[in-house]
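The primary structure of each chain is shown beneath.
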Amino acid sequence: MVLAAAVICRGRLCLARRQSAVQARLSVTNPLIDALALATAEHPVCIGRYDVVGKLGRGGMGSVFDAVDREHGQRVALKTLNHLSAAGLMRFKTEFRAVADVSHPNLLRLYELAGHSDVWFLTMERIEGVELLDWLRGPPAVDTTRAESQSDTAGHTTIVDVDSMGPRTIPPEPSSPTLPQSMTRLRDGFLQLARGIHALHQAGFLHLDIKPSNVMVDVDGRVVVIDFGLVHSLQAPAIRSKLVEVVGTPAWMAPEQFDGPGVSEAADWYAFGLVLYVALTGWRPFAVDDTTALRHARLHVTPTPPHELLNGVPADLSTLTMALLRADPLERPGDEDVVAWLSTDADERAKLLQTRLMRRLGDARFIGRQHELDTLRRGYERACGGH
């Protein structure tokens, strides 16, 4: 028995040493990554069939480069891992597999996942444009939202990959709330964003990092959701959010992402509501930076409705925003609700509310009880309005 135990211990020790050796090898920074950072159009660096001609951005996990696909004559963005590790590579592959087969105009197109000289990279659509809030409200006086972004000759900011936990993810706020430049543009932009999120959910994935720096608008006005580094399958086990490993960006997270037993599509819609609030007013609904205080505020404090902060904010958009910011994920509007709300006029929205009410209550059980139905409908509409 003692001999058998010794053999087992030696076997486990050998396995542990092999795993440590593999992990150490994977964690070493590849010199090719350093070379890519110095690439220019005059001195490109080759990686596979791609010529890297410049750097677009760098985040906590990866770097994004401007590249040319020699085989197809196409300009692409090429994303690498800053440090190759087993966990990082797994997340990298998950990011690619989640979106590679999803084709939607409001989701960033991913092309290829490949490895070259121990450097793993994925290629994707290169977006020339600006962030959603800049498109709606004009560029901020002091740009704190991007990480090492660069502009092309047309003055358009190219796609960047930001550190999801950094302070750059909070845009500067004006001294007083202000309206966006165009409500028509805002409605169109958020309808496109909603359709992109809905498409991702239909494909079976959560984004979990919806925030201004992850929503770009190209030169043609197409809104594109980018950066799927935190994407999670709806079929996977429930996400456990711990204080030492926050899944998302605290400034733009739903309260259940901080420490809940699991998250659903409602988490993405909460983040959508946070971005919509800022787009409507220029202010964040919860002006708190401490993570613990932020979580408490989102669970126990009701922010001021946008239409009460500013005259000129459409009541329907204020209502939608407040519904999306409810602490209980089960009380937030779902995918179809948000898309329908943004894509229909006031009369159609009223019909939508009544249709959803009747669907929930069931017509057959309320025949001849019009007064009771009207009372329930008014109560439901008040609930949807955040009153």
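This section reports on the structure supplied with the text. Everything numeric here is computed off the predicted structure, so don't read it as measured data.

## Thoughts on the pairing of strand β4 (residues 74-81)
Then, number 1: With six of its eight residues buried, β4 lies for the most part within the structure.
Then, number 2: Bridge analysis of strand β3 (residues 62-69) against β4 gives eight bridges, and the strand direction is antiparallel. In the sheet register, Asp66 faces β4, and the bridge partner there is Ala77.
Then, number 3: Hairpin geometry of β3 and β4 is characterised by an intervening segment of four residues between the two adjacent antiparallel strands and by a positive phi of about 60° at Gly73.
Then, number 4: Two elements, β4 and strand β6 (residues 119-124), share four bridges in a ladder whose sense is antiparallel. Counted as the bridge partner of Thr80 is Phe121 from β6.

## Some details on the packing of helix α10 (residues 315-324) against helix α11 (residues 335-343)
Then, number 1: Two numbers describe how α10 lies on α11: the axes approach to 11 Å, and their chain directions differ by 170°. If you check the angle between α10 and α11, you find them roughly antiparallel. Judged by the twist between their axes, the crossing of α10 over α11 is left-handed. Along its contact with α10, which presents Asp316, Leu317, Thr319, Leu320 and Leu324, the element α11 presents Val338, Trp341 and Leu342.
Then, number 2: Residues belonging to the contact of α10 with α11 are distributed by class as follows: six nonpolar, one polar and one charged.

## Let's talk about the sheet that holds strand β5 (residues 110-116)
Hydrogen bonds between backbone groups are what pair the strands of a sheet, and the pairing can be parallel or antiparallel.
Then, number 1: One open sheet holds the six strands; their spatial order is β1-β2-β3-β4-β6-β5, and the pairing between them is antiparallel. This sheet does not close on itself; its edge strands, each paired only once, are β1 (45-47) and β5. Within the sheet, the average angular offset between the axes of one strand and its neighbour, ignoring direction, is 40°.

## Examining helix α3 (residues 86-99)
Then, number 1: Compared with an ideal rise of 1.5 Å per residue, which puts 14 residues at 20 Å, α3 spans 21 Å between its outermost C-alpha atoms and is within 8% of the ideal.
Then, number 2: For α3, the set of buried residues is Gly88, Leu89, Phe92, Glu95, Phe96, Ala98 and Val99.
Then, number 3: As for α3, its buried residues are in contact with β4, β5, β6, α5 (183-202) and β9 (205-206).

## Focus: the packing of aromatic side chains
How two aromatic rings sit relative to each other is set out by the distance from centre to centre and by the angle between their planes.
Then, number 1: One pass over the full model with this rule turns up three aromatic pairs.
Then, number 2: Judged by centre distance (5.8 Å) and plane angle (85°), the ring pair of Tyr50 and Phe121 falls under edge-to-face. With Tyr50 in strand β2 (residues 50-58) and Phe121 in strand β6, this residue pair connects regions lying 71 residues apart in the sequence.
Then, number 3: Classification of Tyr50 as buried rests on a relative accessible area of 2%.

Reading guide: rules and limits
Residues numbered from 1 in each chain as written. Predicted model: local features only at pLDDT ≥ 70, side-chain atom pairs only at ≥ 80, totals over all residues. Heavy atoms only, no water. Buried < 20%, exposed > 50% of the residue type's maximum accessible area, 1.4 Å probe, protein only. Helix = DSSP H or I, 4+ residues; strand = E, 2+ residues; numbered from the N terminus. Pairing = 2+ DSSP bridges. Axes fitted to C-alpha atoms, helices over the stretch in contact; angles between N-to-C directions. Parallel < 35°, antiparallel > 145°, perpendicular 65-115°, else oblique. Left-handed = near helix turned anticlockwise from the far one by under 90°. Contact = heavy atoms within 4.5 Å. Nonpolar A, V, L, I, M, F, W, Y, C, P; charged D, E, K, R; others polar. Expected span 1.5 Å × (residues − 1). Phe/Tyr/Trp six-rings, centres within 6.5 Å; stacked < 30°, edge-to-face > 60°.

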